[in-house]
Every structure is written in structure tokens, then in C-alpha cells.
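Descriptive analysis of the structure
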Amino acid sequence: MKIEGKVWRFQDHVDTDLIIPARYLNVSDGKELAAHCFADIRPDFAEGVHEGDVLVAGKNFGCGSSREHAPLAIRETGIRAVIAESFARIFYRNAFNIGLPLLEAPEAVQALKEGDRVAVDLGAGTIQILEEGETFQAQPVPPFMQDLIQAGGLVPYLRERRIS
Amino acid sequence: MTQPMTITEKILAAHAGRELVSPGELIQVRVDLALANDITAPLAIQVFREIGAHRVFDPERLALVADHFVPNKDIASAEQARILQDFAKEQDITHYYHQGNGGVEHVILPEKGLVVPGDLVLGADSHTCTYGALGAFSAGVGSTDLGAVLATGETWLKVPAAIRVEYQGELTPWVGGKDLILFTLGRIGVEGANYKTLEFCGSTMEKLPMDDRFTMANMAVEGGAKNGIVAPDSITRAYVSERALHEPVFFSSDPDAAYENVLSIDVTEIEPQVAFPHSPDNVRPVSKAGEVPLDQVFIGSCTNGRLGDLRQAASILKGRTVAPGVRVIVLPGSREIALQAVREGIAETFLESGAVFGPPSCGPCLGGHLGILAHKERALATSNRNFVGRMGHPESEVYLANPAVAAASAVLGRIASPEDL
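Conventions used here
All residue numbers here refer to positions counted from 1 along the written sequence of the relevant chain. Starting at A for chains and at 1 for ligands, labels are handed out in the order in which the entities are written. The model is predicted, so local features are restricted to residues of pLDDT at least 70 and side-chain atom pairs to those at 80 or more, both for listing and for counting; the totals for chains, interfaces and linings are taken over all residues. Counting from the N terminus, the helices are DSSP H or I runs at least four residues long and the strands are E runs at least two residues long. Two things to know: the radius of gyration comes from C-alpha atoms, and the globule rule equals 2.2 Å times the number of residues to the power 0.38. With C-beta atoms placed from the backbone, a residue is buried if 20 or more other C-beta atoms are within 10 Å of its own, exposed if 12 or fewer are, and partly exposed between those counts. Any two residues are considered in contact once their C-beta atoms, placed from the backbone, lie within 7 Å. We treat two strands as partners when DSSP finds at least two bridges between them. Axes here mean lines fitted to C-alpha atoms, for a helix over just the part in contact, with angles spanning 0 to 180 degrees between N-to-C directions. Source of the domain bounds: an automatic or database domain assignment. Classification used: nonpolar for Ala, Val, Leu, Ile, Met, Phe, Trp, Tyr, Cys and Pro, charged for Asp, Glu, Lys and Arg, polar for all others including Gly. The term nonpolar core refers to a set of buried Ala, Val, Leu, Ile, Met, Phe, Trp, Tyr and Cys residues connected through C-beta atoms within 7 Å. Within a predicted model, pLDDT stands for the predictor's per-residue confidence, ranging from 0 to 100. Angle categories: roughly parallel below 35 degrees, roughly antiparallel above 145, roughly perpendicular from 65 to 115, and oblique for all the rest. Crossings are sorted by hand: turned counterclockwise from the far helix by less than a right angle, the near helix makes the crossing left-handed, and turned clockwise it makes it right-handed.

Per the secondary structure count, chain A includes eight helices and seven strands. For chain A, whose C-alpha radius of gyration is 15 Å, the value lies close to the compact-globule estimate of 15 Å for 164 residues. Dimensions along the principal axes, computed over C-alpha positions, put chain A at roughly 45 × 45 × 25 Å. Split into buried and exposed, the 164 residues of chain A put 54% on the buried side. Partitioning the intrachain contacts of chain A with sequence separation of at least 6 by distance along the chain shows that 67% fall at a separation of at least 24.

Given below as C-alpha cells:
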């Protein structure tokens, strides 16, 4: 799976309240949630993301609550991968479960700047800054997990397999 | 030779049908109790339906608690709560709680004896780790994972490595579980225990009341931990003996169990702690808080909304009035606690002091309703998170402390120690 898009750069310890403030959790529809993604710290985010863009952050991304609405909101904005130095435990599992791939790549995070264009190859685990050509290596996403992401998450993945 | 294990590993092994488990292993476990609330259950129920399930794995082993936006704050949240009610009826769920019969999920589940020592509990809420105070394994998961548990009663887990935190010595006045956990978070940082177990032990823990233990296990997730846990003892037994709905199993760590790290903390020098914005690990002793005027004080939540917490706050507010211009909100964690607070005259003390005494609800803790902060406003709260915008406007501030500090601060209108009164 290959992803190409613009980098949206965030800091360390981005918590789930920043990703989707609790006052918007009175609905569970992904599109409605996406409209408020990062509403408090990046009001331009939800509108500005283009399909295929990549979110880049520091340490402990997704800390805080277990709300699955957080990865769901990010995915529904059009973000296709999150690259961070590290992820909080519950968010890590939730993100893959709803089909949002995560890559841990501390060196890439150091190099990537807001607005950079990147090419991410999940199968190879590579992250390339297109302008400069510099490439970073993360742990490759295994084939079964790529299938799961392609399907849109664990539930559609299991349903597809049951049918076939 | 059997391999020594921690209490967490023993509980996981017992639920995986295994003799032993080791950190890093992936295991399949059976779940004693699954939990979801009015924010997370609608998504989990959607997942349950999408995977083609028709009946929950056991209608007596699922707790559905509407507590975050309760009493329903608007039409959308009322619709969400309705999904729980309809599902509970359709599936004959025994433990469905809403408003009058309920309260804050992590307060009522132990109180009603749904969780007992030795259990394995998964909940679609990050503070599910609270039940570790009983010597149970409990962890927060997302709605997809919980939806699958609803259908099967099983899930897979990675066995966490453990950090042992040993607290030694006598606590000084006005210092309790909240201060111990805040102090610990200050030491290890908000990702210091990511993916790991925080096991709380030592001579201080042996005397610590259950309410304080719940507070500590509750905030294990603020260090990134998968679970927090306290080995059950006579205090635990006394708590569960009058409540347990099923038979407890008392586990403890082997003396030679392996830990990734051991932290030793002398509590005799610890004073009440305050976490400054915008992170629970940004702590300092209350004497070093400086001049921080407040607009609001919140006493309640799954962290500090128990009877012991309310008693402590009331003991300070008795005969005093809250500072002019400070809004003080007290939300008991459950109906039982509210009722007891009324019987003991605690509710009267709060009202006489100028506080409001509201319904059991998560309320302002997560900025849902019942006390939202305006632009630039400052609140001191007994809850668990002080992230940017947590209780309202993104430019508001939240400071975290224990109920005694909250009450003293309410009286003085600034962050203060009970010693300052």
C-alpha cells in the first residue's frame, strides 16, 4: 500500500481530547466527528486535509481516553497514515482496528516538516521526503494488516473473509 | 520448578487457561465482565451488529452505564443513551444503569460488587484500570475490541511487563492516594508506563483505604499503563465481603517475580500535590503552587467522587463559606454515595458553604456539561486529566489535586493547602 500527500506536523503527547474534544462525542458518525478533528488547536485542519495526507507527531501520540472516535475522526478527514515517535497503548490498537495505519519512526519525525510532501510505502515500511529524496525506515506493515487497512478496519476485514 | 509471576501475570494466566505467562506473550483470555458507557457503547453495539452477532456472550457479564452526558445534556446525547437502553432491553442485560439507579461507571461497578478480586475486566473507557485497586486485572479498550468481546466473551492481550512502585512510611496530614499517584506520575512521566503494569505496594499501601487505592489505580493510565494493581489484603476483603456478586480469587505477586523496574518512594516527605496545566505529570507540591486564583472548583469524578473524598472535602467546608466568585461543584460518584452524603449531613455542609451538590455524572471532568469553563478561566478539579480544553474553552486551565486541597482552595479562592486555613 502506497500513500502520497502533505505532512501535517504536531507536537509530543497529543491527547485524544485534542484530537476530538469530548463535547463533540454526542454523535458517533465518522464524518460528523471529522469536521471537529483538532478543532481546538488547528481549526484549519479538518477543512484543509486532502485525501492521502499524513499526520506526523512526536512522542506518545493518542494518549488519554479510549475513545475510538479519535482515530475515526482522523481517518475521516482523509489522513491516510500517522507517523510518530511513539503511540499510546489504547490508541495504537484502536487505530489499526478502524483501518488507520500507524508507523513508529523517530528519525523520520525529526526530519519531517509541516507541508513536506511524503511518499509512504506501508509494505516496505519506508517514508520518503519527496523534495529532498531522503528516505527513512520504519517497521513494515505486514500483509495481513495491509489487507485489514485496505478493507477499512477489523470488522469489514472479518466480514470479507467470512464471505470468501 | 514453577516460574515466579506477578499478580497481573497470575490473573492473566488463570483467564488464558495457562500455567504461566510471560511479558510480551500474546494470549487469548476469557473476560469476566465487559463495560461500555454512553459515549463508547453506541460504537461497540454497531460493531457487534456489523460482525453479525445476535446475542451477547452473557447478559449478566456486561455492564452498560450511561454516565458521561447524564442527565442527558442534549438531543444527540439523549439519542446515544437511548441506544444503550434499547440494547439492554433487547439483550436482557442485567447490569444496565442510567441516572437514578446508577452513577459514574468506575465508582458503581466495585460498589455494587460486579467486580471482585481476581477478575479480568475490559471496558471501553480508559479509566477501566480503576478495578486494579481490588486486585483484579482491568484495562481500557476501544469500541471495536469491546464489540468483539460482547459477541464472544474473549479477546487477545499482550502480557505487559511490570513496574513495581513501593511506597514506604507514614503519610503526612491531608496526603492520600491522589497525592501518591500524582507524585508518581511526576517521577515517571505520562508515558513512563506505556504498555506496562503499575503495581502499587509497600508499607504505606497496607494502610491505605480502598477509596484511595481506587484513585491510584484509576490514574495508572495517566502514566500510559495498561493496568494498575494492588494486591488484595484485609482492607480489600472487608470491602468486597459485603458486596461481591460472585466468588473472589485472591492473587498476589511471588516475592521473586520479575519486574522491569522497581521504584521506591519515601512518602514521609510528600505533601499534597497539584498537577499544573496541561499534563497530569506536571506536578508540584501545593506549597510551591504560588498565587493561582480560581474561577471554579470541581469535586467528583471516577477518580475522587467516592464517599471518603466527599467526607474529607466536607470536613474542611464545615462552618466555612466558599470564596466570592468561585463556583464550586460537587458531584457524588453514585446514588448510594449521594444518599449517604445526605444522611451524614455532608450534602447540607456543601450547600451551606455555597457549593452546588449535583447528580452523579462524569459532568465537567471531560468538558461535557454541568460546569464548563469560559475563555481564560481556571479550575481546580479532583478529576484525572488537565489536557488543553479538557473542561471547556481551549484557553481555560485545569489544575488537579485531592479533595482536601480542592475544598481549601474553594474557601480561599486560590490554590491552597488545608494548612493555609
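From this point on, the discussion continues.
Moving on, we come to the pairing of strand β15 (residues 327-330) of chain B. Pairing of strand β14 (residues 296-299) of chain B with β15 of chain B, which is carried by four bridges, proceeds in the parallel orientation. Following the sheet pairing, isoleucine 299 of chain B is matched in β15 of chain B by valine 330 of chain B.

This brings us to the sheet that holds strand β7 (residues 135-137) of chain A. Residues and elements named next belong to chain A. Read across the sheet, seven strands follow the order β4-β3-β2-β1-β5-β6-β7 without closing on themselves; strand pairing throughout is mixed. Two strands in the sheet have a free side with no partner beyond their single neighbour: β4 (102-104) and β7. Ignoring strand direction, the axes of neighbouring strands in this sheet form an average angle of 30°. Where strand β2 (residues 54-57) meets strand β3 (residues 81-84), four bridges bridge the pair, whose relative direction is parallel. If you follow leucine 55 over to β3, its bridge partner there is valine 82.

Another point: the domain arrangement of chain B. How big an interface is tends to be stated in terms of the accessible area lost upon association of its parts. Residues and elements named next belong to chain B. Partitioning chain B into domains gives domain 1 (7-264) and domain 2 (274-420). Once you take the C-alpha centre of each, domain 1 and domain 2 turn out to be 24 Å apart. Domain 1 puts 35 residues into the contact, and the matching count from domain 2 is 32 residues. When residues of the side of domain 1 that touches domain 2 are traced back to their parent elements, those giving at least two are α4 (105-111), α6 (177-188) and α8 (210-218).

Let us now look at the interface of chain A and chain B. Counting from both sides, the interface comprises 34 residues of chain A and, opposite them, 37 residues of chain B. Contributing elements (two or more residues each) for the side of chain A that touches chain B: α1 (16-19), α5 (89-97) and α8 (154-163) of chain A. When the residues that make up the side of chain A that touches chain B are grouped by side-chain class, the tally is 13 nonpolar, eleven polar and ten charged.

On to the sheet that holds strand β3 (residues 62-66) of chain B. Residue and element names in this part refer to chain B. Sheet architecture is open: five strands sit in the order β4-β3-β2-β5-β6, paired in parallel fashion. A single partner strand is all that each edge strand has here, and the edge strands are β4 (95-98) and β6 (137-140). If you compare each strand with its neighbour and ignore which way they point, the axes differ by 15° on average. Bridge count for β3 against β4 is four bridges, and the pairing is parallel. The partner of alanine 66 across the bridge, within β4, is histidine 98. Taken strand by strand, helix α5 (residues 143-152) contacts β2 (33-37), β3 and β5 (120-123), and its axis lies near 135° from that of β2.

Core analysis: the largest hydrophobic core is formed by 200 residues, its most contacted members being Val82 and Ile83 of chain A together with Ala44, Leu64, Val274 and Val297 of chain B. Residue-level mapping places this core at the junction of two domains, with at least three residues from each of domain 1 (7-264) and domain 2 (274-420) of chain B. If we ignore the near neighbours within four places in the chain, the residues touching valine 297 of chain B are Val326, Val328, Ala379, Leu380, Ala406, Ser409 and Ala410 of chain B.

Let us look at the environment of glutamate 131 of chain A. Residues and elements named next belong to chain A. With respect to the helices and strands, glutamate 131 occurs in the loop between β6 (126-129) and β7. In sequence terms glutamate 131 and alanine 35 are 96 residues apart; their C-alpha atoms lie 30 Å from each other. Discounting residues that sit within four places of it in the chain, glutamate 131 has contacts with Asp116 and Arg117.

Residue and element names in this part refer to chain B. Judged by which residues are buried, strand β10 (residues 227-230) turns out to be covered on both faces: Asn227 and Ile229 on one side and Gly228 and Val230 on the other are all buried. Across four bridges, the pairing between strand β9 (residues 197-201) and β10 is parallel. Each bridged residue has a counterpart across the sheet, and for leucine 198 the counterpart in β10 is glycine 228.

Okay, the confidence of the model for chain B next. For chain B, the mean per-residue pLDDT works out to 97, and 100% of the residues sit at or above 70. Across the interface, the model reports ipTM at 0.92; the global pTM reads 0.96.

With that settled, the discussion passes to the packing of helix α2 (residues 41-50) of chain B against α5 of chain B. Helix-helix packing is described using two parameters, namely the angle between the two axes and the distance between the axes. Residues and elements named next belong to chain B. Close contact between α2 and α5 brings their axes to 8 Å; oriented N to C, the two are set at 55°. Considered as vectors, α2 and α5 are oriented oblique to each other. With respect to the hand of their crossing, α2 and α5 are arranged in right-handed fashion. Together, Leu43, Ala44, Val47 and Phe48 of α2 and Ser143, Thr144, Leu146, Gly147, Ala148, Leu150 and Ala151 of α5 make up the contact between the two elements. Here the residues of the contact of α2 with α5 are counted per class, giving eight nonpolar, three polar and no charged.

What follows deals with helix α14 (residues 403-412) of chain B. All names here are of chain B. Along α14, nine of the ten residues are buried, which leaves the element largely enclosed by surrounding structure. Regarding α14, the residues found buried are Pro403, Ala404, Val405, Ala406, Ala407, Ala408, Ser409, Ala410 and Val411. Packing partners of the buried residues in α14 comprise β12 (273-275), β14, α10 (301-304), α11 (307-317), β15 and β17 (378-381). A positive backbone phi angle near 75° is found at glycine 413, which sits one or two residues after α14.

Residues and elements named next belong to chain B. Look at α6 against α8: their axes get within 8 Å of each other, and the N-to-C directions meet at 25°. On the basis of their axis angle, the class for α6 and α8 is roughly parallel. The element α6 and its partner α8 pack so that their crossing is right-handed. Where α6 approaches α8, its residues Gly177, Lys178, Leu180 and Ile181 are matched on the opposing element by Asp212, Arg213, Thr215 and Met216.

The subject of this paragraph is the environment of valine 149 of chain B. All names here are of chain B. Turning to its location among the elements, valine 149 is positioned in helix α5. Classification of valine 149 as buried rests on a count of 29 C-beta atoms within 10 Å. Distance in space between the C-alpha atoms of valine 149 and leucine 185 is 31 Å, their sequence separation being 36 residues. For valine 149, the contacting residues outside a window of four places in its chain are Val31, Ala34, Leu122 and Thr155.

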